[in-house]
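Okay, here's what each chain looks like letter by letter:
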Amino acid sequence: MKDKDKIKRLKPFDLENYDSIDLDRLVIYSTVKLEKMGIELSLENIIVGSFKLFPQKFSLSGYIEFPDATRVEKCLWRCKGRKRQWIGGKTPHGYLITDKTRVISGQTEAQLLNTGLKKEQRTPSRLRRKDGILKETTSSPAYSKYINNQGDSITEAELCYLLQGTLDSSRQVLRENLASLKKIAEDLESKKILDFLCWLEISFKSFLNVTNK
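Conventions adopted
Residues numbered from 1 in each chain as written. Predicted model: local features only at pLDDT ≥ 70, side-chain atom pairs only at ≥ 80, totals over all residues. Heavy atoms only, no water. Patch = residues over 30% accessible without salt bridge, like charges linked within 9 Å, V, L, I, M, F, W, Y side chains within 5 Å. Areas by Shrake-Rupley, 256 points an atom, 1.4 Å probe, with all protein chains shown as cover. Salt bridge = Lys/Arg side-chain N within 4 Å of Asp/Glu carboxyl O. Helix = DSSP H or I, 4+ residues; strand = E, 2+ residues; numbered from the N terminus. Phe/Tyr/Trp six-rings, centres within 6.5 Å; stacked < 30°, edge-to-face > 60°. Buried < 20%, exposed > 50% of the residue type's maximum accessible area, 1.4 Å probe, protein only. Lys NZ or Arg CZ within 6 Å of the ring centre and 35° of its normal. Expected span 1.5 Å × (residues − 1). Arc of directions from axis to C-beta. Polar contact = N/O pair within 3.5 Å; in protein donor to acceptor, adjacent residues only side chain to side chain.

**Student:** Where do I start with a nonpolar patch on the surface in this structure?
**Tutor:** Side chains of Leu 60, Tyr 63 and Phe 66 sit close together on the surface and give an oily, nonpolar patch of about 300 Å² of accessible area. Topologically, Phe 66 is positioned in strand β2 (residues 63-67).

In structure tokens, the structure reads:
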């Protein structure tokens, strides 16, 4: 299937789910979503993808059926800047997903899901997405060791894998991803997984550079 056809299949979020989320985070989420679908991360694809997912934030003023390319491009420019460094690559050659990109996308996804869960009727599809994130946690080598009373043998590399990073990832990125996982576990009232994540935070306190509050 061509990228164009894949993008056409994207379904928009309800405005109330993303109205309070800043544009930069929405573009980062859109970019990672496209990558997961195997779509080339060209400027054009990100513009249309962002518009398809969040139409009321990225539509052209006066022409709501068309995307505002300039708005999306400005978001990418800010996200690539020295202050944020949320994404890599360049416009002519396509954009690159980094550890920071995935963390910001994960945080944004949690916001989108949390906003949806505040409705009286919870959206089953979004609950399934949260469940999917926790299933990735329970299928990890680190969790397998933990439930088999082999937690002390969990390696730093296995921790990083669980947190969608590597040993070269910044400790801040790893801490933020751990916080996102804990939030999802809390929202779904998964005490067993939350206990596991809290145990990791304590056990790898030195590695993660966790400070007492």
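Having seen the model, we can carry on.
**Student:** Whenever I open this one, the packing of aromatic side chains confuses me. Can you help?
**Tutor:** What characterises a pair of aromatic rings is the spacing of the ring centres plus the angle enclosed by the ring planes. Per the counting criterion, the structure on display carries eight aromatic pairs. Summarising the aromatic geometry, the rings of Tyr 143 and Phe 196 are spaced 5.0 Å apart at their centres and angled 80° between planes, so their arrangement reads as edge-to-face. On the criterion of sequence distance, the pair formed by Tyr 143 in helix α8 (residues 141-147) and Phe 196 in helix α11 (residues 191-203) is long-range, its members being 53 residues apart. Residue Tyr 143 shares its accessibility class with Phe 196, and that shared class is buried. Linked through ring pairs, Phe 13, Tyr 18, Tyr 29 and Phe 54 together constitute an aromatic cluster. The lysine or arginine in question, Arg 84, covers the ring of Trp 86, its NZ or CZ lying 4.2 Å from the ring centre. Sitting above the plane of the Phe 207 ring, Arg 171 keeps its charged end 4.1 Å from the centroid.

**Student:** In this structure, what is going on with helix α5 (residues 69-80)? I would like to understand it.
**Tutor:** Given 3.6 residues per helical turn, the α-helix brings residues three or four places apart onto the same face. The end-to-end C-alpha separation of α5 is 17 Å, in line with the 16 Å expected for twelve residues at 1.5 Å each. All of the buried residues in α5 are Val 72, Cys 75, Leu 76 and Cys 79. All buried residues of α5 fall inside an arc of 95° around its axis, so they share one side. More than 90 degrees from the buried face of α5, the exposed residues found are Lys 74 and Trp 77. One side-chain oxygen of the residue at the start of α5 lies 3.3 Å from the amide nitrogen of Thr 70, identifying that residue as Asp 68.

Treat this as a map of the structure, not an account of what it does.
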